[in-house]
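The primary structure of each chain is shown beneath.
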Amino acid sequence: MSITARGLSKRYGHVVAMDRTDFDLADGEVLAVVGDNGAGKSTLIKTLSGAVIPDEGGIELDGKPVRFRGPLEARRHGIETIYQDLAVAPAQDIASNLYLGRERRLAGWRGKLLRHLDRKGMREHAQQVLDELGIGIKSISQTVETLSGGQRQAVAVARAAAFGTKVVIMDEPTAALGVAESAKVLELIGRIRDRGIPVVLISHNMPHVFEIADRVHVHRLGKRVAIADPGRHSMNEVVGLLTGALRMNEEGTLSEVSGAVHTGLDPD
Amino acid sequence: MTAVTQDQAKRFDPGEIFRRSPVVGPLLALVVAIVVFSVSTDTFLNLDNLSLVVEQSLVIGTLALGQTLVILTNGIDLSNASNAVLATLIMAMLVASGATSGWLGLVTGIVTSVVIGFLIGTLVTRAKLPPFIVTLGLFTILTALGRLFASGQSVPVKGGVLAWLGTESYLFGGIPVTYGMTLALIMFIVVWYALVRTSWGKHVYAVGNAPEAARLTGINVGRTVLSVYIVAGLIYGIAAWQALGRVPNADPNAFETGNLESITAVVIGGTSLFGGRGGVTGTLVGALIVAVLQSGLTQLGVDDLYQEVAIGVLVIAAVAVDRFARRRQP
Ligand SMILES: Nc1ncnc2c1ncn2[C@@H]1O[C@H](COP(=O)(O)OP(=O)(O)O)[C@@H](O)[C@H]1O
Ligand SMILES: [Mg+2]
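Quick look at the structure, then.

The rules behind these values
Residues numbered from 1 in each chain as written. Chains lettered and ligands numbered in written order. Predicted model: local features only at pLDDT ≥ 70, side-chain atom pairs only at ≥ 80, totals over all residues. Heavy atoms only, no water. Donors = N, O, S within 2.8 Å, 3.2 Å for Na, K, Ca; no water. Helix = DSSP H or I, 4+ residues; strand = E, 2+ residues; numbered from the N terminus. Near = heavy atom within 4 Å. Polar contact = N/O pair within 3.5 Å; in protein donor to acceptor, adjacent residues only side chain to side chain. Areas by Shrake-Rupley, 256 points an atom, 1.4 Å probe, with all protein chains shown as cover. Nonpolar A, V, L, I, M, F, W, Y, C, P; charged D, E, K, R; others polar. Contact = heavy atoms within 4.5 Å. Buried area = accessible area lost by both parts, 1.4 Å probe. Salt bridge = Lys/Arg side-chain N within 4 Å of Asp/Glu carboxyl O. Expected span 1.5 Å × (residues − 1). Buried < 20%, exposed > 50% of the residue type's maximum accessible area, 1.4 Å probe, protein only. Arc of directions from axis to C-beta. Core = buried A, V, L, I, M, F, W, Y, C linked by side-chain atoms within 4.5 Å. Pairing = 2+ DSSP bridges. Axes fitted to C-alpha atoms, helices over the stretch in contact; angles between N-to-C directions.

What follows deals with the coordination of the magnesium ion (ligand 2). Ligation of the magnesium ion (ligand 2) by protein atoms is provided by Ser-42 of chain A (OG) and Gln-84 of chain A (OE1), these donors lying 2.0 to 2.3 Å from the ion. Highlighted residues: Ser-42 of chain A in helix α1 (residues 41-48) and Gln-84 of chain A in the loop between β6 (79-82) and α3 (94-98), separated in sequence by 42 residues.

Attention shifts here to the site of ligand 1. Residue and element names in this part refer to chain A. Every residue close to ligand 1 is listed here: Tyr-12, Val-15, Ala-17, Asp-36, Asn-37, Gly-38, Ala-39, Gly-40, Lys-41, Ser-42 and Thr-43. Interatomic distance of 2.9 Å between a backbone N/O atom of Gly-40 and an oxygen atom of ligand 1. Ser-42 places a side-chain nitrogen or oxygen 2.7 Å from an oxygen atom of ligand 1. Compared with its free state, where it exposes 560 Å², ligand 1 has 60% of that area covered by protein. Broken down by secondary-structure element, the contributors of at least two residues to the shell around ligand 1 are β2 (15-25) and α1. Ranked by residues supplied to the shell around ligand 1, first place goes to α1 with three residues. Residues belonging to the shell around ligand 1 are distributed by class as follows: four nonpolar, five polar and two charged.

The subject of this paragraph is the interface of chain B and chain A. Each partner contributes residues to the interface: chain B has 26 residues there, and chain A has 28 residues. For the pair chain B and chain A, the two sides together bury roughly 2,400 Å², of which 55% comes from carbon and sulfur. In this assembly, chain B and chain A are joined by one salt bridge. Note that Glu-145 of chain A is salt-bridged to Arg-277 of chain B, the shortest N-O span being 2.9 Å. The interface formed by chain B and chain A contains 10 residue pairs in polar contact (both at pLDDT 80 or more). Of all elements in the fold, only α1 (2-10), α10 (179-197), α11 (199-209) and α12 (211-216) of chain B reach the threshold of two or more residues within the side of chain B that touches chain A.

This part is about helix α8 (residues 131-149) of chain B. Because the α-helix completes a turn every 3.6 residues, residues three or four places apart line up on one side. Residue and element names in this part refer to chain B. End to end, α8 covers 25 Å across 19 residues, agreeing with the expected 27 Å (1.5 Å per residue, within 8%). Regarding α8, the residues found buried are Pro-131, Val-134, Thr-135, Leu-138, Leu-142, Thr-143 and Gly-146. In a view along the axis of α8, the buried residues occupy a sector of 155°, so they form one face of it. Residues of α8 that are buried sit in contact with α6 (80-96), α7 (102-125) and α13 (221-246). One or two steps after α8, the chain reaches Ser-151, where phi turns positive at roughly 50°.

This part takes up the nonpolar core. Leu-63, Leu-65, Met-91, Ile-120, Val-191 and Leu-195 of chain B are the most contacted members of the largest nonpolar core, which has 63 residues in total. Top element by residues in this core is α13 of chain B. It accounts for 12 residues. Among residues more than four places away in sequence, those in contact with Leu-63 of chain B are Asn-80, Ala-81, Ala-84, Tyr-236, Ala-239, Gly-258 and Ser-262 of chain B. Counting residues in each nonpolar core, the second largest holds 39 residues, with Ala-95, Leu-98, Met-122 and Leu-177 of chain A among its members.

For the rest of this paragraph, the subject is the pairing of strand β3 (residues 175-178) of chain B. With four bridges joining them, strand β2 (residues 169-172) of chain B and β3 of chain B adopt antiparallel strand pairing. The partner of Tyr-170 of chain B across the bridge, within β3 of chain B, is Val-177 of chain B.

With that out of the way, let us pick up the sheet that holds β6 of chain A. Residue and element names in this part refer to chain A. Spatially, β6-β7-β8-β3-β9-β10 is the arrangement adopted by the six strands of the open sheet, whose pairing is mixed. Looking at strand neighbours, the two that pair on one side only are β6 and β10 (223-228), the edges of this open sheet. Across this sheet, the average inter-strand angle for adjacent strands is 20°, counted without regard to direction. Pairing between strand β7 (residues 167-171) and strand β8 (residues 199-202): four bridges, direction parallel. In the sheet register, Asp-171 faces β8, and the bridge partner there is Ile-202. Each of β3 (30-35), β9 (215-220) and β10 is contacted by helix α9 (residues 235-243), which is oriented at about 30° to β9, the strand it contacts most.

This is the structure:
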């Protein structure tokens, strides 16, 4: 599925978290979103996942306009998100977390009448998802709080991979991880992409971005300022774009922005 | 698979057992208390006394059942006992004045409790007021309303459906079981089932444990919390019925510290005051621990005030265990 968004804005009091930003995700690609802390990346992807309702602007899925009133509606469209703080309930077990908000009920009268959960079915499916992704966790009935940071991340990735049938969005999934665990998450992203599902990856880690992304959305001060091509642009150039030292022109060429313009001292 | 079990067996960690099942500690305490009193007195271990212990914990136990739901959502209800007392007065006065039949009086009382629950839930979820403050205010208001309503007098209940839970009983394996005990057991099972076997229960835990995560996964946090206060209101209404079964007299001054006693039972039962951890099995055990202690210590000739000291110590110990168990997390 492709996502197109135009002119998205979101204000929190005086803070402009999103300032008429555009967003494009093509089907099947891995799109990295990079930007400084506070640039508004999380707000942008929360808008795409229905967790934030924009003040202005519109979103289209495969060219059809949508208006999400909550995270459940985006999920129903097959958009699955791994939030920066993971959005897991630490005191609940892995299977419960995988199914949080969309628990499966037993077939038949016990499910219909007594609303009995299909606990066995959910556990088996959860185990299967973890196995498929090669995530080794002792027991599916462990609470999430007993897991290491990397394992928690893996659970969040597994949840997205299990239910993200159209798009998977990840907000800084490797930020808290060590080298080996990060490599694992990158591998998982690759597997999701190999299933033909596009992935949006927010990351500060340029080597990761350049390793896996097909295109790089550069976010600065609440809006997209450039779309970089890892094949054509260097890491330094992307860093220049996100700090504002470089600017991308209409034709995609880069030019330096002089410090004077920044401070507003130069009348030019 | 075998490697996993070996691994777990190797690293025995008592904290892990408490984390996994917070009921283990309270259950152990209950068993120890029963054994100690059975050995140290001749009067504790017999059917009459044990069934009296259960009878005596019915009202606070029922209040604690509703309190558990509220605390699981990281809330607290200081108005539960005053809510139930008001319901007993409504029930007794309607029936005593001849305004309604027993059943209609009962239902009116219970509906009042539900409406109060709805009110609390609305103030907490819509107006975003802290549950502590809302229910503290209501505690004062409902207590005063009850006294105004009954002009400070208690209202006797002359048998009939209002007293039914205490007057009616049947033999179960030779043991007389009151309808009140039976109803309490049924309520416990229903609430337990709803908490651990339905998605509503999963959502109640999630909302208390990680509200923002719950919201992001699409759970309607406000509606879940509201539903908890409504269900708790229903349970308090039934607690009022239990109270009239125990003592057929609606007293505006009864259960003055019932709110705190219900919190005591919940906390001793291992439910975390921070929400999202624990459950009604622990509360059942907690309520029984309090009743067993009171009965056993009385039979040992220990003064009432020392009994209260013992229960206070237990509350602090229970919270300390909860803290300790959670500090040991990786
Ligand atoms: N719920 C909120 N309330 C108030 N301010 C917010 C909220 N969410 C984000 N912001 C502000 O919006 C800006 C963008 O935040 P965010 O989207 O988290 O940036 P990023 O993910 O790029 O670091 C920041 O200044 C942040 O403080
Ligand atoms: Mg962010």
